[in-house]
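# Close look at the chain arrangement
Spelled out from the first residue to the last, the chains are:
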Amino acid sequence: MIHAGTEPAVHHPQAVCLGETMAVLLPGHPGPTESVEEFRVGVGGAESNVACGLAGHGITTAWISRVGDDGFGRRITDELTARGVDVSAVTIDHLRPTGLYLKETHPHSRMRYYRSGSAASALGPDTFTDPVFNQLVSGARLLHLSGITPALSDSCLGLIRALLTAPRPGRTVSFDLNWRPALWHDRDPAILLDLCNAADLLFLGADEAEAAFGLGSNAAIRAAFPAPATVIVKNAEHHVTALNADGTTVSEPALVVEVVEPTGAGDAFAAGYLAATLRHLDQRSRLRLGHITAATALTTHGDHGTPPSPDLTTDLLAASPDEWAATRVTAAGIHSPALS
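Residues numbered from 1 in each chain as written. Predicted model: local features only at pLDDT ≥ 70, side-chain atom pairs only at ≥ 80, totals over all residues. Heavy atoms only, no water.

## Brief notes about the overall build of the chain
What the chain contains, in helices and strands, is eleven helices and 17 strands. Against the 2.2 N^0.38 benchmark of 20 Å for 340 residues, the chain shows a C-alpha radius of gyration of 19 Å, consistent with a compact globule. In terms of its C-alpha atoms, the chain occupies a principal-axis envelope of roughly 55 × 50 × 40 Å. Buried residues in the chain amount to 53% of all 340 residues. Taking all contacts inside the chain whose residues are at least 6 apart in sequence as the whole, residues at least 24 apart take part in 70%. Between the mean site of the 23 positive side-chain charges and the mean site of the 36 negative ones, the chain shows a separation of 2 Å. (Helix = DSSP H or I, 4+ residues; strand = E, 2+ residues; numbered from the N terminus. Rg over C-alpha atoms; globule rule 2.2 N^0.38 Å. Buried < 20%, exposed > 50% of the residue type's maximum accessible area, 1.4 Å probe, protein only. Contact = heavy atoms within 4.5 Å. Lys, Arg positive; Asp, Glu negative; His and termini not counted. Charge placed at Lys NZ, Arg CZ, Asp CG, Glu CD.)

What follows is the structure, encoded as C-alpha cells:
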C-alpha cells in the first residue's frame, strides 16, 4: 500500500480516528452556485475533526482513511499534519478521487456532496493487512468511529463491523451515530442499531435517535443500547446527558455562546469528551470539556477552535453550577466568574 505520510508512524498514539474526509468548496460570496466566480477550498470530515480536536488537547492522535492521488487529497493530509495528526496510515488511491462537497448559499444554505465512488468508499476489511494500520490501532487506547462510514459502501460496512467485533484489550471504542439520512436512502439504516450497540461509548443526538430509530426519550435510548458502558445524548444546544450502564445519569448544561459559525460543534464536543476520558476525569468534567471544546468551535470560522489554556480549562472544570451558568463564550474569549 502507498501511504500519504512521509514521517514514521507514531509508535503508540493514544487515539485513532477512522473515516472519510472530503475537500470543501466554499463560495466566495452569497448567491446561486452558477453565479459564484470564486470558491475557497477547505477540509471537512467528522472523524478527522475529532482527530484534530484531540490533537489540540495534547492527545497523540492518528487518522486513518483513503484519499485520491490528487491535490484535494494532498491538501487534506497536509492540513491534518499541520494540526498535529499522524496520517502515516492514510492510503493514496490511484484509481478513485478524493470526495468533495460544495456549500450552496442560495436560496438556503445547504451542502451538496460528490462522494460516490470516492477513495474512502473503497475502505474495507483488507485494511487489516496493512502493517501500519495494525501498528497504530493495536497500540491505541481509543478508537473512534462514526455511522457515516458504514453508509459509504458494503466494504466500508465490513470494515466497521470488523473493527467493532475485533478483540480490544485495553482499548475503548467510541461510536458517534452522525445520522446522515441522505447517505441511507438506498441502504438499510437498521444495521446502525447493532453497530451502535457494539461500542463501549456511544454519542448521539436526541433528535438523531428520534429520526433514525424512533426513540423519543433517554430511557428508550438506553434500553435500545444496553451494551455501551456510557451513552452520551446531546440535546441540541441545551444540555448533554451521560447515561451510564449502572442506571445513573449525569447531565450538564451547554455554555452560553455567541455563535460565529454553527458547524463542527458535535465533533468538537466528542473530542473534548474523549480527551477528558483518556485523562480519567470524572463524568461531569468529561461533559464540561466537551462543552468547552464545542464552544470554541462555534466561535470561529470553520470546524476547529483553539482550546483554552490548561489553567483556564482547570478553572472552568472546577466552576460551581452558578459560575458555569454565568460563563459566556465569544470570539473575543471566555468570560466567567470562575476564572482566577
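## What about the packing of helix α9 (residues 283–298) against helix α10 (residues 310–317)?
The relative placement of two packed helices is expressed as an angle between their axes plus a distance between the axes. The geometry of α9 relative to α10 is characterised by a closest axis approach of 10 Å and an angle of 125° between their N-to-C directions. As judged from the angle between their axes, α9 and α10 are oblique. The interaxial crossing formed by α9 with α10 has right-handed handedness. Touching Ser285, Arg288, Leu289 and Ile292 of α9 are Thr313, Leu316 and Leu317, all from α10. Class assignment for the residues of the contact of α9 with α10 results in four nonpolar, two polar and one charged. (Axes fitted to C-alpha atoms, helices over the stretch in contact; angles between N-to-C directions. Parallel < 35°, antiparallel > 145°, perpendicular 65-115°, else oblique. Left-handed = near helix turned anticlockwise from the far one by under 90°. Nonpolar A, V, L, I, M, F, W, Y, C, P; charged D, E, K, R; others polar.)

## Here we look at the state of the cysteines
Under the counting rule described, the total for this entry stands at zero disulfides. Cys52 forms no disulfide, and the closest cysteine sulfur to it belongs to Cys17, at a distance of 8.9 Å. The class of Cys52 is buried, set by a relative accessible area of 8%. (Disulfide = S-S within 2.5 Å.)

## Some details on the pairing of strand β7 (residues 100–104)
With four of five residues buried, β7 is to be regarded as a mostly interior element. Sheet analysis places strand β2 (residues 22–27) next to β7, joined by three bridges and oriented parallel. Residue pairing across strands places Ala23 opposite Leu100, the latter belonging to β7. By the bridge criterion, five bridges tie β7 to strand β8 (residues 110–114) in an arrangement that is antiparallel. Along β8, the bridge assignment pairs Leu100 with Tyr114. The hairpin turn running from β7 into β8, its antiparallel successor, is five residues long. (Pairing = 2+ DSSP bridges.)

## Concerning the packing of helix α8 (residues 265–278) against α9
The N-to-C vectors of α8 and α9 enclose an angle of 145°; their axes lie 7 Å apart at closest approach. Note on packing geometry: the crossing formed by α8 with α9 is right-handed. Counted together, Ala265, Ala268, Phe269, Gly272, Tyr273, Ala275, Ala276 and Thr277 of α8 and Gln283, Ser285, Arg286, Leu287, Leu289, Gly290, His291, Thr293, Ala294, Ala297 and Leu298 of α9 form the full contact between these two elements. Here the contact of α8 with α9 is built from residues that sort into eleven nonpolar, seven polar and one charged.

## Side note on the sheet that holds β8
With mixed pairing, four strands are arranged side by side in an open sheet as β3-β2-β7-β8. Here the strands that pair on one side only, and so sit at the sheet edges, are β3 (39–44) and β8. For this sheet, the mean angle separating the axes of adjacent strands, direction not counted, is 25°. Packed onto the sheet, helix α2 (residues 71–82) meets β2, β3 and β7 and runs at close to 60° relative to β3.

## Concerning the environment of Pro321
You can see Pro321 is positioned in helix α11 (residues 321–325). Sequence spacing of Pro321 and Ala270 is 51 residues, and the spatial spacing of their C-alpha atoms is 22 Å.

## Re the sheet that holds strand β15 (residues 256–257)
Strand order in the open sheet made by the three strands is β15-β16-β17, with mixed pairing throughout. The sheet terminates laterally at β15 and β17 (333–335), the two strands that pair on one side only. Of the strand pairs in this sheet, strand β16 (residues 328–330) and β17 are connected by three bridges, and their pairing is antiparallel. Bridging across to β17, Thr330 finds its partner in Gly333.

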